[in-house]
Amino acid sequence: MPDLAPRVVVIGSGNVATHLAHALDSAGADICAVASRTSEHARELALSLSNAAPAVVVEEVPTDAAFYIIAVSDDAIADVAATLPPVQGVVAHTSGTVPIDVLSDVTCRGYGSFYPLQTFSKDRAVDMSAVPFFIEGNTPETAAALRALAERISPTVCAADSRLRGQLHLAAVFASNFSNVLWGVAGDILAKEGLSLEVLRPLLRETLEKAIDRGPDNAQTGPARRRDTATISAHLAKLSDPALKDIYSSLTNLIISRQCQK
């Protein structure tokens, strides 16, 4: 039977660490310490938890916890692993792109990944029960332990090795990060006319729903889908930034290419 209140050390104090710490705290886990390179941020996160976990540096984390969740930037994971003392529990990072072998030199019960596929910001609430988690362990026992921890938060927990997580992360960058910056461009265009991005909210919602329900290619609309060259030319004429002209042309050609493949 799994520990009813597994002791967890959260390493990190940024967006992902904050949401995971609160989710695990709400799920009944014992966050026994928060570690961060920035002591002030660690204290802030620690004090926001129900039992006000102590804030420590990585070298001084408790060594008898069941889990050590490393939720830091990808390029900091190796440094954290190198400074983590020998511990008794499972060590896992939350990255979608870094292989679990980055943790192979840590003295621990097992190591792996604990990857929540979602965009996080500290100041925005997220329904963590709707977030899919992708886990990997260096042994079946480690994977089972990480799965049990993730299932405290979300019913959607899947196994994903480093290759698959990399593909998931790549897809997420196209779907979220790239679309977000294009929304920023749209917002700039609207702002020049005294409008806000809010006017596009119904359009964006319907676009997403149709893409999921029908598939993006079947749901595609717009001038490129219709081969409306007059409108495309008019749009390009309105763009003064050469980089945006290139992006518009490239995306237009991509839409036409994908429609031709149907």
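Whatever comes next refers back to the structure up there.
Presented here is an overview of the structure given in this document. (Residues numbered from 1 in each chain as written. Predicted model: local features only at pLDDT ≥ 70, side-chain atom pairs only at ≥ 80, totals over all residues. Heavy atoms only, no water.)

What to know about the overall build of the protein chain
Logical step 1: For the protein chain, the count of helices and strands is 10 helices and 8 strands.
Logical step 2: Summarising its shape, the C-alpha atoms of the protein chain cover approximately 70 × 40 × 30 Å along the three principal directions.
Logical step 3: Per-residue burial over the protein chain gives 36% buried out of 262 residues.
Logical step 4: For the protein chain, long-range pairs separated by at least 24 residues make up 53% of all intrachain contacts whose partners lie at least 6 apart in sequence.
Logical step 5: Of the roughly 14,600 Å² of accessible surface on the protein chain, a fraction of 55% belongs to carbon and sulfur atoms.
Logical step 6: Side chains of the protein chain give 22 positive and 29 negative charges; the mean places of these two sets differ by 11 Å. (Helix = DSSP H or I, 4+ residues; strand = E, 2+ residues; numbered from the N terminus. Buried < 20%, exposed > 50% of the residue type's maximum accessible area, 1.4 Å probe, protein only. Contact = heavy atoms within 4.5 Å. Areas by Shrake-Rupley, 256 points an atom, 1.4 Å probe, with all protein chains shown as cover. Lys, Arg positive; Asp, Glu negative; His and termini not counted. Charge placed at Lys NZ, Arg CZ, Asp CG, Glu CD.)

Considering the sheet that holds strand β5 (residues 90–93)
Logical step 1: Strand order in the open sheet made by the 8 strands is β3-β2-β1-β4-β5-β6-β7-β8, with mixed pairing throughout. Among the strands making up the open sheet, the edge pair consists of β3 (55–56) and β8 (157–159).
Logical step 2: Helix α2 (residues 39–47) contacts β2 (30–35) and β3 of the sheet and is inclined by roughly 165 degrees relative to β2. (Pairing = 2+ DSSP bridges. Axes fitted to C-alpha atoms, helices over the stretch in contact; angles between N-to-C directions.)

Examining the packing of helix α9 (residues 229–238) against helix α10 (residues 242–260)
Logical step 1: Here α9 crosses α10 at 160 degrees, and the two axes come no closer than 9 Å. By the angle between their axes, α9 is roughly antiparallel relative to α10. Taken as a pair, α9 and α10 cross one another with a handedness that is right-handed. Contacts between α9 and α10 involve Thr231, Ile232, His235, Leu236 and Ala237 on the former and, on the latter, Lys245, Tyr248, Ser249 and Thr252.
Logical step 2: The class makeup of the residues in the contact of α9 with α10 is 4 nonpolar, 4 polar and 1 charged. (Parallel < 35°, antiparallel > 145°, perpendicular 65-115°, else oblique. Left-handed = near helix turned anticlockwise from the far one by under 90°. Nonpolar A, V, L, I, M, F, W, Y, C, P; charged D, E, K, R; others polar.)

Section: the layout of surface pockets
Logical step 1: Computed from the structure, the largest pocket encloses a volume of approximately 2,700 Å³.
Logical step 2: Lining the largest pocket are 47 residues, with Leu182, Trp183, Leu204, Thr207 and Leu251 sitting closest to its centre.
Logical step 3: Among the secondary structure elements, those contributing two or more residues to the lining of the largest pocket are α5 (162–191), α6 (201–214), α7 (216–219), α8 (223–226), α9 and α10.
Logical step 4: Counting residues per element, the lining of the largest pocket draws most heavily on α5, at 11 residues.
Logical step 5: Classifying every residue of the lining of the largest pocket by side-chain character gives 27 nonpolar, 8 polar and 12 charged. (1 Å grid on protein atoms, 1.4 Å probe; cavity = no way out; pocket = protein on both sides within 12 Å on 5 of 7 lines; lining within 4 Å. Points joined across faces, edges and corners; volume = space filled by probe spheres on them.)

Regarding the nonpolar core
Logical step 1: In this structure, Val8, Ile31, Phe114, Met128, Phe133 and Ile153 are the most contacted members of the largest nonpolar core, which totals 33 residues.
Logical step 2: Ignoring any residue separated from it by four or fewer positions in sequence, one finds Ile153 in contact with Leu20, Ala23, Leu24, Phe114, Met128, Ser129 and Phe133.
Logical step 3: Membership of the second largest hydrophobic core comes to 24 residues, among which are Val56, Val61, Val72 and Ile100. (Core = buried A, V, L, I, M, F, W, Y, C linked by side-chain atoms within 4.5 Å.)

So, the pairing of β2
Look at any regular strand and the pattern is simple: side chains alternate between the two faces of the sheet.
Logical step 1: Where burial is concerned, most of β2 is hidden: 5 out of the 6 residues are buried.
Logical step 2: Between the parallel pair strand β1 (residues 7–11) and β2, the chain is carried across by helix α1 (residues 15–26), and the sense of this crossover is right-handed.
Logical step 3: Pairing of β2 with β3, which is carried by 2 bridges, proceeds in the parallel orientation. Paired with Ala35 across the strands is Val56, a residue of β3.
Logical step 4: Handedness of the β2-α2-β3 crossover: right-handed. (Right-handed = clockwise from strand over helix to strand, strands pointing away.)

Details of the pairing of β1
Logical step 1: The buried fraction of β1 amounts to 4 of the 5 residues, a majority that puts the element mostly inside the structure.
Logical step 2: Note: β1 against β2, 5 bridges, orientation parallel. Each bridged residue has a counterpart across the sheet, and for Val8 the counterpart in β2 is Ile31.
Logical step 3: Here 4 bridges tie β1 to strand β4 (residues 67–70), and the two strands are oriented parallel to one another. Bridged to Ile11 within β4 is Ile70.

Describing α10
Logical step 1: The terminal C-alpha atoms of α10 lie 27 Å apart, and with 19 residues this matches the ideal 27 Å at 1.5 Å per residue to within 8%.
Logical step 2: Looking only at α10, the buried set comprises Tyr248, Thr252 and Gln259. Taken down its axis, α10 places every buried residue within 30 degrees of arc, on the same side. In this structure, α10 carries Pro242, Asp246, Asn253 and Cys260 as exposed residues pointing more than 90 degrees from its buried face.
Logical step 3: Its side-chain oxygen at 2.8 Å from the backbone nitrogen of Ala243, Asp241 defines the N-terminal cap of α10. (Expected span 1.5 Å × (residues − 1). Arc of directions from axis to C-beta. Polar contact = N/O pair within 3.5 Å; in protein donor to acceptor, adjacent residues only side chain to side chain.)

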